[in-house]
Amino acid sequence: MYRRSAFPKAAFKRLIQSITGCSISQNVVIAMAGIAKVFVGEVMEEALDVCEQCGDTPPLQPKHLREAVRRLKNKGQIPNTKYHRILFH
Amino acid sequence: MDTTGTFRREGREFEEVRCMMYGFGDDQNPYTESVDILEDLVIEFITEMTHKALAVGRPGRVQVEDIIFLIRKQPRKFARVKDLLTMNEELKKARKAFDEANYGS
């Protein structure tokens, strides 16, 4: 299941092209789909840790995922262009 | 421009995320709410990456070099992209060699 699951490339291509407004190469879609899966893995790993630390068992609940995302954001693993953190005033 | 509308519960994408969660260690039947959240996260991730890629390199275009630049500090993603693209090249070469062999005979 781990090896077999993959994102539908056509849907990704549509999404990326709708944002860029220009056509993109197949390699871009391949790269994006690949790192998206790694991204899911990172979130899942963190979420399973949170689940264990909470003393719960799978299936993962939304609260586990949200906490996982919060932790990864602090580590800078999740891109966020919405605001820049000012480190030194 | 609401692209999320096209993804919402679109059978295949949702199903893939569900399978992926199982593959990464979740229960065989993850909660629908959790799958939803993950699907949203992926869309947000791709959107962010695309916006950033548009800003670097050749502006207004997204190329592989831009993506590689963006993930240069994230070893897992970087390694994965390198593997995928290398494998893709090898497959292309193999297919080409196969076609030429067939055409030749």
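Treat the numbers as computed from the prediction; the structure is a model and nothing was measured.

(A) Up close: unusual backbone geometry. Here the residue pair A:P58 and A:P59 is connected by a cis peptide bond, since its omega of 10° sits within 30 degrees of zero. With respect to the helices and strands, A:P59 occurs in the loop between helix 2 (26-53) and helix 3 (62-74).

(B) Here's a closer look at the interface of chain B and chain A. With 54 residues of chain B at the contact, the number on the chain A side is 51 residues. When the two sides are added together, the surface that chain B and chain A hide from each other amounts to roughly 4900 Å², 74% of it contributed by carbon and sulfur. Counting every contact that joins chain B to chain A gives three salt bridges. Here chain B is connected to chain A by six residue pairs in polar contact (both at pLDDT 80 or more). Elements supplying a minimum of two residues to the side of chain B that touches chain A: helix 1 (4-7), helix 2 (11-23), helix 3 (32-55), helix 4 (64-70) and helix 5 (75-104) of chain B. Counting residues per element, the side of chain B that touches chain A draws most heavily on helix 3 of chain B, which supplies 17 residues. Residues of the side of chain B that touches chain A, tallied by class, amount to 26 nonpolar, 13 polar and 15 charged.

(C) The arrangement of helix 3 of chain B in detail. With 24 residues, helix 3 of chain B extends 35 Å between its outermost C-alpha atoms, agreeing within 8% with the 34 Å of an ideal straight helix rising 1.5 Å per residue. Within two residues after helix 3 of chain B, B:G57 carries a phi angle of roughly 60°, on the positive side.

(D) Seen up close, the environment of B:R76. As for its position among the elements, B:R76 is in helix 5. Note on B:R76: relative accessible area 43%, which makes it partly exposed.

(E) Looking closely at the UniProt feature "domain: TAFII28-like protein" (unreviewed entry) in chain A. Under the present numbering, the feature "domain: TAFII28-like protein" (unreviewed entry) in UniProt falls on residues 1-71 of chain A. Annotation note: span residues 1-71 of chain A, helix share 70%, strand share 0%, distance between end C-alpha atoms 26 Å.

(F) Geometry of the packing of aromatic side chains. Throughout the structure, instances matching the rule amount to three aromatic pairs over all chains. Ring centres of A:F7 and A:F12 lie 5.1 Å apart, and the angle between their planes is 20°; on these two criteria the pair is classed as stacked. Residue classification places A:F12 among the buried positions, given a relative accessible area of 1%. With a centroid separation of 4.3 Å and an interplanar angle of 5°, the aromatic rings of A:F39 and B:F45 are classed as stacked. Taken as a pair, A:F39 in helix 2 and B:F45 in helix 3 lie in two separate chains rather than in one. We note that A:F39, like B:F45, is buried. One Lys or Arg, A:K37, reaches over the ring of A:Y2 and ends 4.9 Å from the middle of that ring.

(G) How the structure looks around the confidence of the model for chain B. Residue and element names in this part refer to chain B. Here chain B averages 83 in pLDDT, while 87% of its residues score no lower than 70. Highest mean pLDDT in chain B belongs to helix 3 (91); lowest belongs to helix 1 (46). Below a pLDDT of 50 lies the segment residues 1-7, which in the model reaches ten contacts outside its immediate sequence neighbourhood of four places, other chains included.

(H) Quick look at the pattern of salt bridges. Summed over the entire model, instances satisfying the criterion amount to eleven salt bridges over all chains. For A:R71, the salt bridge is made with A:E46, and the minimal N-O distance between the two is 3.6 Å. In this pair, A:R71 is assigned in helix 3 and A:E46 in helix 2, connecting sequence segments 25 residues apart. On the basis of relative accessibility, which here comes to 10%, the residue A:E46 falls in the buried class. Linking B:K92 and B:E89 is a salt bridge whose minimum nitrogen-to-oxygen distance equals 3.5 Å. Here B:K92 pairs with B:E89, and both are found in helix 5, just three residues apart, close to one helical turn. Its relative accessible area of 36% is what places B:E89 among the partly exposed residues.

The rules we used
Residues numbered from 1 in each chain as written. Chains lettered and ligands numbered in written order. Predicted model: local features only at pLDDT ≥ 70, side-chain atom pairs only at ≥ 80, totals over all residues. Heavy atoms only, no water. Helix = DSSP H or I, 4+ residues; strand = E, 2+ residues; numbered from the N terminus. Contact = heavy atoms within 4.5 Å. Buried area = accessible area lost by both parts, 1.4 Å probe. Salt bridge = Lys/Arg side-chain N within 4 Å of Asp/Glu carboxyl O. Polar contact = N/O pair within 3.5 Å; in protein donor to acceptor, adjacent residues only side chain to side chain. Nonpolar A, V, L, I, M, F, W, Y, C, P; charged D, E, K, R; others polar. Expected span 1.5 Å × (residues − 1). Buried < 20%, exposed > 50% of the residue type's maximum accessible area, 1.4 Å probe, protein only. UniProt positions renumbered as here; feature names shortened; annotations may be inferred. Phe/Tyr/Trp six-rings, centres within 6.5 Å; stacked < 30°, edge-to-face > 60°. Lys NZ or Arg CZ within 6 Å of the ring centre and 35° of its normal. pLDDT = per-residue confidence, 0-100.

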